[in-house]
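Structural features, examined
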Amino acid sequence: MALTSRAVLLARRPEGMPVLADFAVGDLTVPDPGPDEVVVENHFLSVDPGQRGLMNGGDSYVATYQVGEPVTGRAVGQVVASRDPRFPEGSHVFHRVGWREHSLVPTSAVRAIDVARAPESSYLGVMGHPGLTSWLGVARVADVRPGDVVLVTSAAGAVGAAAGQLALARGASRVIGSVGSAEKAAYVTERLGFTDAFVYKERSLADYVAAQVPDGLDVVFDNVGGVQLDEALAAMRPHGRLALCGSISTYNGEPYTLKNTGLLLSQRLRAEGFLVFDHEDEWDPFHAEMAEHLTEGRVTVEETLHRGLDAVPQAFLSLFDGTSTGKALVDVRP
Ligand code: NAP
């Protein structure tokens, strides 16, 4: 029988920095599953910076959100009704029809998760897309090697925290985190093992590198774009590699034109953007390596947990005001 559940809707398109009034919570009728569909009772919902662009409408590489409609996002939970024997009731699954308490999902868009191997919520964080993203950036794009001096921006975030630790695991001699507060600097150095950290709001990346890393950087794993990416370009050693992962400093409409792109040629740099969506066939090798790092304690990532569906908009805003550390999640377990 169809059930009545609740969802977070896009009330209007945010202008600049999103605010709570851009969202609303409403009832949602979730029909019984049809053939090859399941109904999932969601346990954890993900809030991700990349969702901000989908709130603008217009063109994107994935479907944008519609005003008045439920927002979608990554989620993990348990199947409560199934018309596909591969995902029986009780199965733990990942899907992308989140920001609601229950989701009707075609099983072509569902992935089983192994909660005996790692905690359920970690499949939205270090064992999920943020972890895969960090692994792709470190191992494939930047190809971090023993002895490299690596800088990670938004280093206390979900992707950055994992990226820095993976760089250390690959033998980087120095992993430096750029973060927004002294607490986050202490978190990445004392808890995660980064070699150094600096607070970009107090000291520019250019100033920090000139004083503390006079020989320059081999690798930059960039999550924020804008000024920090520009200054990173000027701080690279010849033949340095930049993994262009994200640009959160520009997601709320703050335009920034890079000035130092000429150095790509003169310093023979390699800067490569990458999208995790292109690598859905890499879950098995990624999970095998990441599960080992977690077991051995080489990677550990904090979660900032919000409680209840009504907290989803605030959790999303926390990505932009710096109040989240590690992976921001919403626990919607009944
Ligand atoms: P995250 O880093 O946890 O994002 C939240 C943090 O970003 C905030 O706590 C804040 O940390 C920082 N931040 C917010 N506004 C900023 C600004 N204007 N300037 C500098 N830092 C700012 O998010 P995540 O999920 O781990 O993702 C990191 C980046 O990777 C994002 O840009 C995301 O879009 C991107 N991403 C890319 C892919 C891909 O396929 N390429 C996949 C997933 C994510 P501070 O307090 O330190 O400022």
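Figured I'd write up the structure that's included with this text.

Here we take up unusual backbone geometry. For Asp36, which is not glycine, the phi dihedral falls at a positive 60°. Tracing the sequence through the fold places Asp36 in the loop between strand 2 (23–30) and strand 3 (37–46). The backbone of Asp143 sits at a positive phi, close to 50°, despite the residue not being glycine.

Oppositely charged side chains are able to pair whenever their charged atoms sit close together. Inspection of every chain in the model, using the stated rule, returns 19 salt bridges. Close ionic contact of Asp143 with Arg145 constitutes a salt bridge, the shortest N to O distance being 3.3 Å. Taking the shortest distance from any N to any O, the salt bridge between Arg241 and Asp148 comes out at 2.7 Å. Here Arg241, found in strand 12 (residues 236–244), pairs with Asp148, found in the loop between helix 2 (129–141) and strand 8 (149–153); they are 93 residues apart in sequence, far enough to count as distant. Both residues of the pair, Arg241 and Asp148, count as buried. Each of Arg6, Glu101 and Asp310 takes part in a single network of salt bridges with overlapping partners.

With 14 residues, helix 8 (residues 283–296) extends 20 Å between its outermost C-alpha atoms, agreeing within 8% with the 20 Å of an ideal straight helix rising 1.5 Å per residue. Within helix 8, burial applies to Trp283, Phe286, His287, Met290, Ala291 and His293. Buried positions in helix 8, seen along its axis, are confined to an arc of 160° and lie on one side of it. For helix 8, exposure combined with an orientation more than 90 degrees from the buried face picks out Asp284, Thr295 and Glu296. Buried residues along helix 8 sit in contact with strand 7 (111–112), helix 2 and helix 3 (158–169). Immediately downstream of helix 8, the backbone of Gly297 shows phi near 80°, a positive value.

Moving on: the packing of helix 2 against helix 3. Packing of helix 2 against helix 3 leaves a shortest axis separation of 8 Å and a crossing angle of 45°. When the axis of helix 2 is compared with that of helix 3, the two are oblique. Both helix 2 and helix 3 take part in a crossing whose hand is right-handed. Seen from helix 2, the contacting residues are Pro130, Thr133, Ser134, Trp135 and Val138; seen from helix 3, they are Ala158, Val159, Ala162, Ala163, Leu166 and Ala167.

Moving on: the environment of Val39. By secondary structure assignment, the location of Val39 is in strand 3. Look past the residues within four positions of Val39 in its chain and what remains in contact with it is Val30, Pro31, Pro33, Gln78, Val79, Val80, Ala81, Ser103 and Leu104.

Surrounding the ligand, one finds 27 residues, the nearest of these being Val159, Lys184, Tyr200, Tyr251 and Val276. A distance of 2.7 Å separates an oxygen atom of the ligand from a polar atom in the side chain of Lys184. Cys245 is positioned such that a nitrogen or oxygen atom in its backbone is 2.9 Å from a nitrogen atom of the ligand. Considered on its own, the ligand offers 920 Å² of accessible surface; in the complex 90% of this is hidden by protein. For the shell around the ligand, the residue count by class is 14 nonpolar, 12 polar and 1 charged.

This brings us to helix 6 (residues 226–233). Across the 8 residues of helix 6, 6 count as buried, placing the element largely inside the fold. Against strand 8, strand 9 (174–179), helix 5 (205–212), strand 11 (217–222), strand 12 and helix 7 (262–266) lie the buried residues of helix 6.

Reading the values: the criteria
Residues numbered from 1 in each chain as written. Predicted model: local features only at pLDDT ≥ 70, side-chain atom pairs only at ≥ 80, totals over all residues. Heavy atoms only, no water. Helix = DSSP H or I, 4+ residues; strand = E, 2+ residues; numbered from the N terminus. Salt bridge = Lys/Arg side-chain N within 4 Å of Asp/Glu carboxyl O. Buried < 20%, exposed > 50% of the residue type's maximum accessible area, 1.4 Å probe, protein only. Expected span 1.5 Å × (residues − 1). Arc of directions from axis to C-beta. Contact = heavy atoms within 4.5 Å. Axes fitted to C-alpha atoms, helices over the stretch in contact; angles between N-to-C directions. Parallel < 35°, antiparallel > 145°, perpendicular 65-115°, else oblique. Left-handed = near helix turned anticlockwise from the far one by under 90°. Near = heavy atom within 4 Å. Polar contact = N/O pair within 3.5 Å; in protein donor to acceptor, adjacent residues only side chain to side chain. Areas by Shrake-Rupley, 256 points an atom, 1.4 Å probe, with all protein chains shown as cover. Nonpolar A, V, L, I, M, F, W, Y, C, P; charged D, E, K, R; others polar.

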